Amino acid sequence: MADTATIEKVSIIVSKGSLEGIYPALIMANGARAEGIEADLFFTFFGLDAIAKKRWEHIKLATVGNPGLHLPTLLGGMPGVPDLVTRYMERKMDKLDIPPIPEFIEMIADTGAGIYACKASVDLFELDKDDLVEQVHGIITVGEFYEHAAGGQIIYT
Amino acid sequence: MPTTTYAGSAVPVDDEGFFTDPARWTEPMAEQIAKEAGIDTLTDRHWIVIRFMREQYAAKGTGPTVRVLGKTSGVSVKELYQLFPKGPAKTAAKIAGIPKPRGCI
């Protein structure tokens, strides 16, 4: 095998609560573990939705202010459109064997990746450990996150 | 194309050591490939995964993802990572003598 530089460890910060904000981070964390790379996920601000029990099944694709969707802003804001577009995207992802967020989080935890919630965000949204899914390893401060991330790459999504 | 010798016979492999001709693989080769991949002993649990990889490749032309392995091989995702710490799908594919799986999930 060729002797090339390798990535040994990644820490991925998830700060957005939209479908397209969360999935790339999950796919990259899972993909890292699939390559034998150590991986941690750090959920902060609206990214917490991905690991909050009351919210993680209601995550939607942003249909307003999302130029990538090529949908008129007015249309994206109409009632029912976010749900429709989200369902369409979820069906497409299912065909590609991309799991729904709850199952994906569980699978990533099973790969041995660390799942952490940001303490400042948990306080901000008045949540506690019971509001978060059981796969969460801990509610940690930014300082503790940097300690975890030491020696690896940090990816912000 | 490079070749590697396993169990006394030369087999064609790609740059990363994955078999390019799965028909050339035999079970006695597995232990040696596993050792090179950092796995000292292949247990019965490893073999369940290895045989499953071969079956899936024969049926679908590509190795399964970790998700599929976890759901249908009889070995959970957690255990898969214990058996193959450096990545179950890719390590098992190498030991099973099939090409490298290219899924993102």
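About the cut-offs
Residues numbered from 1 in each chain as written. Chains lettered and ligands numbered in written order. Predicted model: local features only at pLDDT ≥ 70, side-chain atom pairs only at ≥ 80, totals over all residues. Heavy atoms only, no water. UniProt positions renumbered as here; feature names shortened; annotations may be inferred. Pairing = 2+ DSSP bridges. Helix = DSSP H or I, 4+ residues; strand = E, 2+ residues; numbered from the N terminus. Axes fitted to C-alpha atoms, helices over the stretch in contact; angles between N-to-C directions. Contact = heavy atoms within 4.5 Å. Buried < 20%, exposed > 50% of the residue type's maximum accessible area, 1.4 Å probe, protein only. Polar contact = N/O pair within 3.5 Å; in protein donor to acceptor, adjacent residues only side chain to side chain. Parallel < 35°, antiparallel > 145°, perpendicular 65-115°, else oblique. Nonpolar A, V, L, I, M, F, W, Y, C, P; charged D, E, K, R; others polar.

Chain B is annotated in an unreviewed UniProt entry as Sulfur relay protein DsrC from Streptomyces pluripotens. Heading Sequence similarities (unreviewed entry) of the UniProt record for chain B holds this comment: "Belongs to the DsrC/TusE family." As recorded by UniProt, the Subcellular location (unreviewed entry) comment attached to chain B reads in full: "Cytoplasm".

With an unreviewed UniProt entry as reference, chain A is termed Peroxiredoxin family protein, source organism Streptomyces pluripotens.

(A) Structural detail: the sheet that holds strand 1 (residues 9-14) of chain A. Residue and element names in this part refer to chain A. Taking strand neighbours across the sheet as the criterion, the five strands line up as 4-3-2-1-5 in an open arrangement whose pairing is parallel. The open sheet has two free edges, formed respectively by strand 4 (138-140) and strand 5 (153-156), since each of these has just one partner strand. Here the average twist between neighbouring strands, direction ignored, is 30°. Pairing between strand 1 and strand 5: four bridges, direction parallel. Looking across to strand 5, one finds that Ile 13 is bridged to Tyr 156. The strands touched by helix 1 (residues 19-34) within the sheet are strand 1, strand 2 (38-43) and strand 5, with strand 2 carrying the most contacts at an inclination of about 160°.

(B) A look at the side chain of Asp 49 of chain A. Residue and element names in this part refer to chain A. Following the sequence through the fold, Asp 49 ends up in the loop between strand 2 and helix 2 (73-76). When its relative accessible area of 13% is taken as the criterion, Asp 49 is described as buried. Within the structure, the side chain of Asp 49 is placed 2.7 Å from the side chain of Arg 55, a separation counted as a polar contact. Each residue touching Asp 49, except ones within four places of it in the same chain, is listed here: Gly 17, Arg 55, Trp 56 and Ile 59.

(C) Broad picture of the packing of helix 2 (residues 44-60) of chain B against helix 5 (residues 88-95) of chain B. Residues and elements named next belong to chain B. Running from N to C, helix 2 and helix 5 cross one another at 80°; their axes reach a closest spacing of 9 Å. When the interaxial angle is binned, helix 2 and helix 5 end up roughly perpendicular. When helix 2 is examined against helix 5, the residues Val 49, Ile 50 and Met 53 are found in contact with a partner set consisting of Ala 89, Ala 92, Ala 93 and Ile 95. Looking at the contact of helix 2 with helix 5 residue by residue, the classes come out as seven nonpolar, no polar and no charged.

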